[in-house]
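# Architecture at a glance
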Amino acid sequence: MVAGDEDILAVEGLSLSFGGAVAFAEIDLSVAAGEIHAIIGPNGAGKSSLINAITGLYAPQAGRLRIGDARFARVPARRLAELGVARTFQNLALFKSLSVVENVLSGLANVQRAGLTAQLLGLSAARREATEHRARAESVIDFLQLGMFRGRAAGSLPYGLQKRVELARALVANPRLLLLDEPMAGMSAAEKAEMSGFVLAAREMLGTAIVLIEHDIGVVMRLSDRITVLDHGRRIATGTPHEIQANPAVIAAYLGAEDDPENEAKAA
Amino acid sequence: MATALPVTSAQPRRAGAAGILLLLAIAYGLVPLVGTSYLFEAILTPFLALALAGLGLNLLTGYAGLLSLGSAAFMAVGAYAAFNLSLRLPGLPLPATILLAGLIAASAGVIAGLPALRLRGFYLAVSTLAVQFFVAWALNRIGWLSNDSPSGIIDAPRLVIAGLSFDDARGRYLFSLTIVALLTVLAWRLVRSPTGRNLVAIRDHETAARIVGVKVARTKLLAFALSSFIVGIAGVLWAFAYLRTVEPAGFNLDRSFQILFIVIIGGLGTLRGAFLGAGFMVVLPLLLSRLGTALLGDGFDTGTLEMVQRIVLGTLIVAVLIREPAGLAALLDRAFRRLSPRS
């Protein structure tokens, strides 16, 4: 599992603990350009913590990260967008009082160039940029079929739509790496199928590499090129969906957690 | 479906623009003709100054979500800066004096905003409270700022622009109105710009804002600067156009709270909220005083008035916050929606 140069993300020996509690330890992970890489594991396996460490919200104690050509011990969160990384959150993190369009537009905050004076005076540079950004936002809104909600305050939308707005905000910047933390949690089967379609289409259209945390093993098997399995903060396996299904360590981990919904893994 | 939406969203905007033009026409055309100097001096000029201060604070607290209890301090910085500029640079035209005073208040705002990079909510409010006390202390201690006037009270300079005097009651009203109108346009442009969107993004979810590339620290300081610029100029109006004197007592903590109440009652995160709240704050005491005199006759002295005023105001703030946390602006919106027929 040597990280290749074409990998967009390489995580080497990353460890994080809170006080004495280990969130994850010595994690290696590599994500190739355009790959959909799922991270699965029982609750508390460290999946979300790993994504939060990759996006600079948590400071890992050991290990290294590479995003594109940039190497870090800790990723500065404020530079993420500039590095071409976007993410969604397990618990929604929308700008609730802003409209859907404004939320999507805010995904372009990093490429705003017109200065405040140009914005206030409505200089042509600011107007041209506003028109261009609006067009980009509208095309993502059309793509995710959010058109009829574009003027609504994001916080007033039902949960599933809010998840979709968050995806739109992440996609509008054409990221080369997109991290989705349970984008389908709490969705109905129909909504999951729809969301899966959007994730695949986003990869198709933008060539975005996607790191996906998801509990629904059926969805994971259908979407992923590769899967990494975490258990108690350790990586126990990485491989294609086929390899993962046959991996004894993975089966043991999932059989061990009997009251966990991921028991479907052995059936899948 | 997608084509129907812009039509419905453009209609209120056009109606809103028409309403604003009508208000401006009344404010510039009708009011100066029919108004008495009592109306100008006791109601409209303080209303405009307070509304402007509310507008400035609303950018910071309503839009960017940064709570400040130091508004009066920034008003004082603006007023004293304008006083000192006109005293020490006598050749400076008044508009330049006011602009510079605003910029000085903005710099003070940036310094006061530095703790906002680390603190938020209640803790930030306490740090702005420190600014409030520091400014009051500095104005009382440093004689140079008040030109060594023994009481700290100084007369405001005359309001003259290019030979035109705005010193009478109507002139001071028109002077204030023009400044407030200009700065309101500026604020309106701001909240609809990408920068305005960034302010709200930081308020609604700071982490998400940082992740999408909003420069959080810079935007917070910018919010302090823009807010203090406007609040500082409101201070100039308060001192130069309304009180006609400049004194530290006019900018005490009570004033900071008054402006915060204006914003809360009027509606956080709306521009018209500042005007509604300020109107409420200025008109309420007058109404209560009239009402009290009518009911109690001479027994209703200023002491009683002040007490009643505080009780009623306090009750109303609580009532508004419970019934309509989004303030008078939201209340008015609902009333309009009920009145206007919808297809």
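Look up: the structure comes first, before these words.
The paragraphs below set out a description of the structure included in this document.

About the thresholds
- Residues numbered from 1 in each chain as written.
- Chains lettered and ligands numbered in written order.
- Predicted model: local features only at pLDDT ≥ 70, side-chain atom pairs only at ≥ 80, totals over all residues.
- Heavy atoms only, no water.
- Pairing = 2+ DSSP bridges.
- Helix = DSSP H or I, 4+ residues; strand = E, 2+ residues; numbered from the N terminus.
- Axes fitted to C-alpha atoms, helices over the stretch in contact; angles between N-to-C directions.
- Contact = heavy atoms within 4.5 Å.
- Buried < 20%, exposed > 50% of the residue type's maximum accessible area, 1.4 Å probe, protein only.
- Salt bridge = Lys/Arg side-chain N within 4 Å of Asp/Glu carboxyl O.

A word on the sheet that holds strand β8 (residues 209-213) of chain A. Sheet strands line up and pair through hydrogen bonds in the backbone, either parallel or antiparallel. Residue and element names in this part refer to chain A. Taken in spatial order, the 6 strands line up as β6-β7-β8-β3-β9-β10 in an open sheet, and their pairing is mixed. The open sheet is flanked by β6 (85-87) and β10 (234-239), the only strands paired with a single partner. When the angles between neighbouring strand axes are averaged without regard to direction, this sheet yields 15°. For strand β9 (residues 226-231) and β10, the ladder comprises 5 bridges, and the chain directions are antiparallel. Bridging from a neighbouring strand, V229 pairs with A237 of β10. Against the sheet, helix α5 (residues 159-171) engages β6 and β7 (177-181), with an angle of about 165° to β7. Contacting β3 (36-40), β7 and β8, helix α6 (residues 189-206) crosses the sheet at an angle of about 140° to β3.

Our focus in this paragraph is the environment of G232(B). All names here are of chain B. Looking at the element boundaries, G232 is found in helix α9 (residues 216-243). According to the relative accessible area criterion, G232 is buried, its value standing at 0%. Taking the C-alpha atoms as reference points, G232 and L295, 63 residues apart in sequence, are found 40 Å from one another. The contact partners of G232, leaving out residues within four places of it in the chain, are F74, M75, G78, A79 and A105.

Residue and element names in this part refer to chain B. The full count for this structure, using the stated rule, is 19 salt bridges over all chains. Between E206 and R210 there is a salt bridge, with the nearest N and O atoms lying 3.5 Å from each other. With E206 and R210 both in helix α8 (residues 206-211), this residue pair falls 4 residues apart, about one helical turn. Residue classification places E206 among the buried positions, given a relative accessible area of 14%. Judged by relative accessible area, R210 falls into the partly exposed class, the value being 28%. Between K220 and E206 there is a salt bridge, with its nearest N and O atoms 3.2 Å apart. With a gap of 14 residues between them, K220 in helix α9 and E206 in helix α8 connect regions that are remote in the sequence. Judged by relative accessible area, which is 4%, K220 ranks as buried.

As far as function goes, none of this settles anything; it's purely spatial.
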